[in-house]
Amino acid sequence: MKIAIVEDEKKWQHIVKREIESYYGTNIKIDVFSTGEEFLEKKEHYQIVFMDIELPGKDGFAVSKEYTEQVSETVLVIISSHTELCRLGYRINAFRYIDKLYPKEIREALVSAEQALRRYKRIILKVSGMKEQHVCCKDIFYFEAANHNVRVKIGQELFECREKIGNLARSLEEFGFYPVHRGYLVNLDHIKLVGSKEIILDNGDRLPISRRRYSDLKIRHLQWRFENANA
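Cut-off values and rules
- Throughout, residues of each chain are indexed from 1 in the direction in which the sequence is written.
- Residue-level local features of this predicted model are given only where pLDDT is at least 70; pairs of side-chain atoms are given and counted only at 80 or more, and the full residue set underlies all totals for whole chains, interfaces and linings.
- Side-chain measures here rest on the full set of heavy atoms in the structure, leaving out hydrogens and waters.
- Each pair of aromatic rings taken from Phe, Tyr and Trp, with Trp reduced to its six-membered ring, is defined by centres within 6.5 Å and is described as stacked if the planes are under 30 degrees apart, edge-to-face if over 60, and tilted in the remaining cases.
- In this scheme, a residue with accessible area under 20% of its type's maximum is buried, one over 50% is exposed, and one in between is partly exposed, where area comes from a 1.4 Å probe on protein chains only.
- Secondary structure counts use DSSP, requiring at least four H or I residues in a row for a helix and at least two E residues in a row for a strand, with both numbered from the N terminus.
- When DSSP locates at least two bridges between a pair of strands, those strands are taken to pair.
- Salt bridges are defined as contacts in which a side-chain nitrogen from Lys or Arg sits within 4 Å of a carboxyl oxygen from Asp or Glu.

**A short note on the packing of aromatic side chains**
- A full pass over the atoms with the stated rule returns 7 aromatic pairs.
- Taking 4.7 Å as the distance between ring centres and 85° as the angle between the ring planes, the aromatic pair formed by Y23 and Y24 counts as edge-to-face.
- The class of Y23 is partly exposed, set by a relative accessible area of 23%.
- Plain terms: the ring middles of Y142 and Y184 are 6.1 Å apart, the flat faces sit at 65° to each other, and that makes the pair edge-to-face. Pair noted here: Y142 is in strand β8 (residues 140-146) and Y184 is in strand β12 (residues 184-187), with a separation of 42 residues, a long-range link.
- Judged by its relative accessible area of 16%, Y184 is buried.
- Linked through ring pairs, F33, F39, Y46 and Y67 together constitute an aromatic cluster.

**Looking at the pairing of strand β6 (residues 122-125)**
- Here β6 shows one buried face, formed by I123 and L125, and one open face, formed by R122 and I124.
- Bridging between β6 and strand β7 (residues 133-136) involves 4 bridges; their strand directions are antiparallel. By the bridge assignment for β7, I124 is matched with H134.

**Regarding the pattern of salt bridges**
- Applying the stated criterion across every chain, the model contains 14 salt bridges.
- Of the charged contacts in the structure, one is a salt bridge between E19 and R18, with a shortest N-O distance of 3.5 Å.
- On the basis of relative accessible area, E19 is assigned to the buried category, the value being 5%.
- Taking relative accessible area as the criterion, R18 reaches 40% and is therefore assigned partly exposed.
- Two residues, K138 and D139, come together in a salt bridge whose shortest N-O distance is 3.3 Å.
- Residue class for K138 comes out partly exposed when judged on its relative accessible area of 25%.
- Given a relative accessible area of 33%, D139 falls into the partly exposed group.

In structure tokens:
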């Protein structure tokens, strides 16, 4: 885990770093930057970034926009004493907004960020006719049972993999995949609507849902959305 703190005030650099180390211990990489330019010049991939809004030079919004255009698999946490500006965070898809009056919220942000990072987990798929593929969970829509193998929907493509859907259901549950039917394992991130007989995904695909799993799916889907809000 690598975490960046982009903050020009020494006091707040210390506070944020202290809270991170209190949560993780010292066995974690934390880089501290006083300006956005310094942070961008590092060209490092951080799983979590704590970004102040008011910075010398480029402000935190401009820095965040530039960074997330280059690195998509990151969780961005805005920290500021000007909460009236935090509403602008939607422009950069910020995950959390922390008021400097409440530094203890940093710990909650770390807990939630860890949950959100699960969607960036990369798994290895044995795709028929191809080399092993390293695929990010968030890019997978669903798995479909196909005889003794599975088909996996990624983007507009269906690939056949030498996997068993039961094994995938067990190994991917913590990363947001749910068996809506004995023949389908779906990424909860991509469910747009849960109906009584089918689900609709955000790419327009419609998949059947088992009657006995309807109630549990509704609960699990809402829980997943709540845990990963704004991620």
